[in-house]
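# An overview of the molecular structure
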Amino acid sequence: MDEINDQRQQRIKKLDQLRQMGVAPYGTRFEVKDRAGQLTRLHGEKTKEVLEQERIDCTIAGRIVGLRRFGKAAFAVLQDGSDRLQVYLKKDTLGDHAHQISEGLDLGDWIGVTGILFRTKTNEFTVEVKTLTFLSKALRPLPEKWHGLTDVETRYRQRYVDLIANPQVHQIFALRSRIVSGIRAFLIERGFLEVETPMMHPIPGGAAAKPFVTHHNALGAELYLRIAPELYLKRLIVGGFPRVFEINRNFRNEGISTIHNPEFTMLEFYVSYADYHDLIVLTEELFGRLAQDTLGTTTIDYQGTQINLGSPWRRWSYHQAILEVNSLPPSVLTNRDEALAAAQRLGVDVSPKESLVNILNEIFEETVEPRLQQPTFITDYPIEISPLARRKDSDPSLTDRFELYIAGREIANAFSELNDPLDQRERFEAQAAQHAAGDEEAHRVDEDFLRALEYGMPPTAGEGIGIDRLVMLFTNQASIRDVVLFPQLRPEK
RNA sequence: GAGUCGGUAGCUCAGCUGGUAGAGCAUCGCCCUUUUAAGGCGAGGGUCCUGGGUUCGAAUCCCAGCCGACUCACCA
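Structure report, in brief. Numbers given to residues run from 1 along each chain, matching the order in which its sequence is written. Each chain takes a letter, starting from A, and each ligand takes a number, starting from 1, following the order in which they are written. Local features in a predicted model are, by the rule used here, given only for residues with pLDDT of at least 70; side-chain atom pairs are given and counted only at 80 or more, and totals for whole chains, interfaces and linings are based on all residues. With hydrogens and water set aside, each side-chain value is computed from the structure's full complement of heavy atoms.

Turning next to the overall build of chain A. Counting from the N terminus, the helices are DSSP H or I runs at least four residues long and the strands are E runs at least two residues long. When you go through chain A residue by residue, the secondary structure sums to 16 helices and 18 strands. Each principal axis of the C-alpha atoms in chain A carries an extent, and together these give about 90 × 55 × 50 Å. Burial analysis of chain A (493 residues in total) assigns 48% to the buried set. Of all intrachain contacts in chain A linking residues separated by at least 6 positions in sequence, the fraction that spans at least 24 positions is 66%. A total of about 24400 Å² of accessible surface is found on chain A, and carbon and sulfur atoms cover 50% of it. Just so you know, the count uses Lys and Arg for positive and Asp and Glu for negative, and it drops His and the chain ends. Throughout, a charge is located at the NZ atom of Lys, the CZ atom of Arg, the CG atom of Asp or the CD atom of Glu. Charge centroids of chain A, computed over 59 positive and 71 negative side chains, lie 9 Å from each other. Partly exposed residues are those whose accessible area sits between 20% and 50% of the maximum for their type, while under 20% is buried and over 50% is exposed, using a 1.4 Å probe and protein chains only. Contacts are assigned to residue pairs with any non-hydrogen atoms lying within 4.5 Å of each other. Every accessible area reported is derived by Shrake-Rupley at a probe size of 1.4 Å, with residue values counting cover from the shown protein chains alone.

And the structure:
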């Protein structure tokens, strides 16, 4: 259990002293009238003289994150979620009782104050406190004020401490929230309905991934945490909602890395009567709008690379990209031996037994993906790796599909949806054969989904956007753990 | 899964070729009513990740394990 250390003991002692003074160390309601950020914005530029003249009253509450004592006076820095603001506590103004309370204050404690805005001798914008309300006692000390908390394990395991000690972390998650709100607003403006579909699936579907398995006792049934919401959202299109979206978690039982968390946030949306070209335009608009609204620019720096989100973005067909990047002849696209030879020549590690499609895909991932720094729509993926996408009318071996790459990373995946139930059944069966042959990630046949398609799904385009990776891009973070509040770690102890 | 690096006070970190465990911040006591990494004087605080081994003696060397980070593999 918890170590009983000296500092904690001291604070418990102070907590008792508060009680003896008739002060609740864990208080109740406090009417906050102002926030540090707003006060600074409204009055932070005013001169000492103007503030003295206006005598602006304010009431704020927050956590003490800085404390400098001067005998019978003290400066405390309050952090209230909007900003930090200094407050000045002196005996003359507070009176004996409140001054006695102020003498027991520790870093980390929560207080509420009312007072008047002024500027100190050193010109610091400050609240001179008239009344002090003790709100909550912290029993544990805060990390060191200068370096903050840097131990990454503690930062992730005790994110609450990270958020207190590192204001820039607070900023990242506030920005994440604004991005998600911005996405909602953008879609709702365009007539989308936000829906919630099951997180527990009897058949994992909608993506190629290993699922987490769970068990429902009363039903006596195995269930899977969802790997994608796709098949349920399409059922809603069948049901007659023309535009739906969902922002929620997917779960994939795979490795953890700087760009993979076992649970991650996915936006999926579906548009009836549209095709993937419409989604290209919609995606450019969405990203441009989000960047403008949250960052105020469409040119962003990601890990030292300037990325221009101004549209239009490059469109490049999957096969063309493979050929152009590697200066290969078109014949590699149809000749397995040539493709294998090309892969080996390019130093792409691929088993000699792999199919043509898999060899080409390895070449794509190794040689093309890393070059896609600026936003690029890679289009027209082969049908074998797109079991839920509509065939191209001009070439039935390809699909009406794109993936969006930014900074060498897949950010979005979209296609015109396969709405032919007989074709979908064949594709599922091909996948099921691969699954039976040992490919754990191959899709399984979902009979209810096929039944839904047999009732008729209008032509539809759908897209998924990985929200965590989008936020990484917008906040210039190299690790997904820095944009997920509580990233998955090995259980403690 | 493999490799590399790391785990020492509440936090941030020193600690060399093995010889009684250190600093700054934080804490405690005293002084201080405009500081802002406040200042001054004094004090307390350690399972050196865990378990073995080598040695007269291990934070330090060796072995095993635990936890983490990064890179690679995996993740269409």
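What follows concerns the pattern of salt bridges. Any carboxyl oxygen of Asp or Glu that lies within 4 Å of a side-chain nitrogen of Lys or Arg is treated as forming a salt bridge with it. Here the structure, examined in full by the defined rule, presents 37 salt bridges. D423 is the salt-bridge partner of R427, the closest N and O atoms lying 3.1 Å from each other. Residue R427 and its partner D423 are both found in helix α14 (residues 421–436); the two are separated by four residues, about one turn of the helix. Residue class for R427 comes out buried when judged on its relative accessible area of 8%. What emerges from the salt-bridge pattern is a single network uniting E189, R190, E285, R289 and D293.

Burial analysis of strand β17 (residues 409–416) places six of its eight residues in the buried class, which makes it a mostly covered element. At least two DSSP bridges between two strands are needed for those strands to be called paired. Note that strand β16 (residues 401–406) and β17 share six bridges and pair antiparallel. Residue pairing in the sheet places I406 in a bridge with R409 of β17. Between the antiparallel neighbours β16 and β17 lie two residues, among them A407 with a positive phi of about 55°.

Moving on to the environment of L340. The residue L340 is located in helix α12 (residues 336–345) in this model. Using a relative accessible area of 11% as the deciding quantity, one classes L340 as buried. Through-space distance from the C-alpha of L340 to that of E440 is 24 Å; in sequence the pair is 100 residues apart. If we ignore the near neighbours within four places in the chain, the residues touching L340 are V350, S351, P352 and I359.

Within the closed barrel, the five strands sit side by side as β1-β2-β3-β5-β4. Their pairing is mixed. The sheet shows a mean angle of 55° between the axes of neighbouring strands, direction not considered. Bridging between strand β3 (residues 84–90) and strand β5 (residues 125–136) involves three bridges; their strand directions are parallel. The partner of V87 across the bridge, within β5, is V127. Note on geometry: axes are C-alpha line fits, over the in-contact stretch for helices, and angles between N-to-C directions span 0 to 180 degrees.

On to the sheet that holds strand β8 (residues 213–216), then. As summarised here, the arrangement of the three strands in space is β7-β9-β8, forming an open sheet in which the pairing is antiparallel. Each edge of the open sheet carries a strand with a single partner, namely β7 (200–201) and β8. The pairing of β8 with strand β9 (residues 221–225) spans four bridges and is classified as antiparallel. By the bridge assignment, H215 is partnered in β9 with E222.

Near RNA strand B lie 45 residues; those nearest to it are T122, K145, A208, H260 and E365. Near is defined per residue: the residue qualifies when any heavy atom it owns lies within 4 Å of the molecule or strand. Across the atoms of RNA strand B situated within 4 Å of the protein, the share located in sugar and phosphate is 57%. Here a polar contact is recorded for every N or O atom pair within 3.5 Å, except that within protein the pair must consist of a potential hydrogen donor and a potential acceptor, and residues adjacent in sequence are included only if both atoms are side-chain atoms. Interatomic distance of 3.2 Å between a side-chain N/O atom of E124 and a base nitrogen of RNA strand B. Secondary-structure elements contributing two or more residues to the surface near RNA strand B are α1 (6–20), β1 (57–70), β2 (73–79), β3, α6 (152–157) and α13 (356–368). Considering each element in turn, the surface near RNA strand B owes the most residues, four residues, to α1. Taken together, the residues of the surface near RNA strand B break down into 13 nonpolar, 13 polar and 19 charged. Residue polarity is assigned by list, with Asp, Glu, Lys and Arg as charged and Ala, Val, Leu, Ile, Met, Phe, Trp, Tyr, Cys and Pro as nonpolar; anything else, Gly included, falls into the polar class.

The next point concerns the side chain of T120. Residue placement: T120 occurs in the loop between β4 (110–119) and β5. Polar contacts involving the side chain of T120 include one to the side chain of T122, which spans 3.0 Å. In this structure the side chain of T120 is engaged in a polar contact, spanning 3.0 Å, whose partner is the backbone nitrogen of E124. Once you skip the residues sitting within four places of it in the chain, T120 turns out to touch K48, F75, Q86 and T126.

Next up on the list: the packing of aromatic side chains. Classification of ring pairs uses Phe, Tyr and Trp, with its six-membered ring standing for Trp, and accepts pairs whose centres are within 6.5 Å; under 30 degrees between planes counts as stacked, over 60 as edge-to-face, and the remaining range as tilted. Counted under the stated rule, the structure contains twelve aromatic pairs. Where F192 meets F269, the ring centres are 5.9 Å apart and the plane angle is 90°; that geometry is what we call edge-to-face. Separated by 77 residues along the polypeptide, F192 in the loop between α8 (167–189) and β6 (193–194) and F269 in strand β11 (residues 263–272) bring together distant segments of the chain. For the pair F192 and F269, a shared accessibility class is recorded, and that class is buried. With centroids separated by 6.2 Å and ring planes inclined at 70°, the aromatic side chains of F428 and F449 adopt a geometry described as edge-to-face. Of this pair, F428 sits in helix α14 while F449 is found in helix α15 (residues 447–454), placing the two residues 21 residues apart along the sequence. Side by side, F428 and F449 carry an identical accessibility label, which is buried. Through a chain of ring-to-ring contacts, three or more aromatic side chains come together here, namely F70, F75, Y88 and F118. Here, over-ring charges are defined by two tests on the NZ atom of lysine or the CZ atom of arginine: distance to the ring centre within 6 Å, and angle to the ring normal within 35 degrees. In this arrangement the basic side chain of R190 is found over the ring face of F186, its NZ or CZ atom lying 3.6 Å from the centre.

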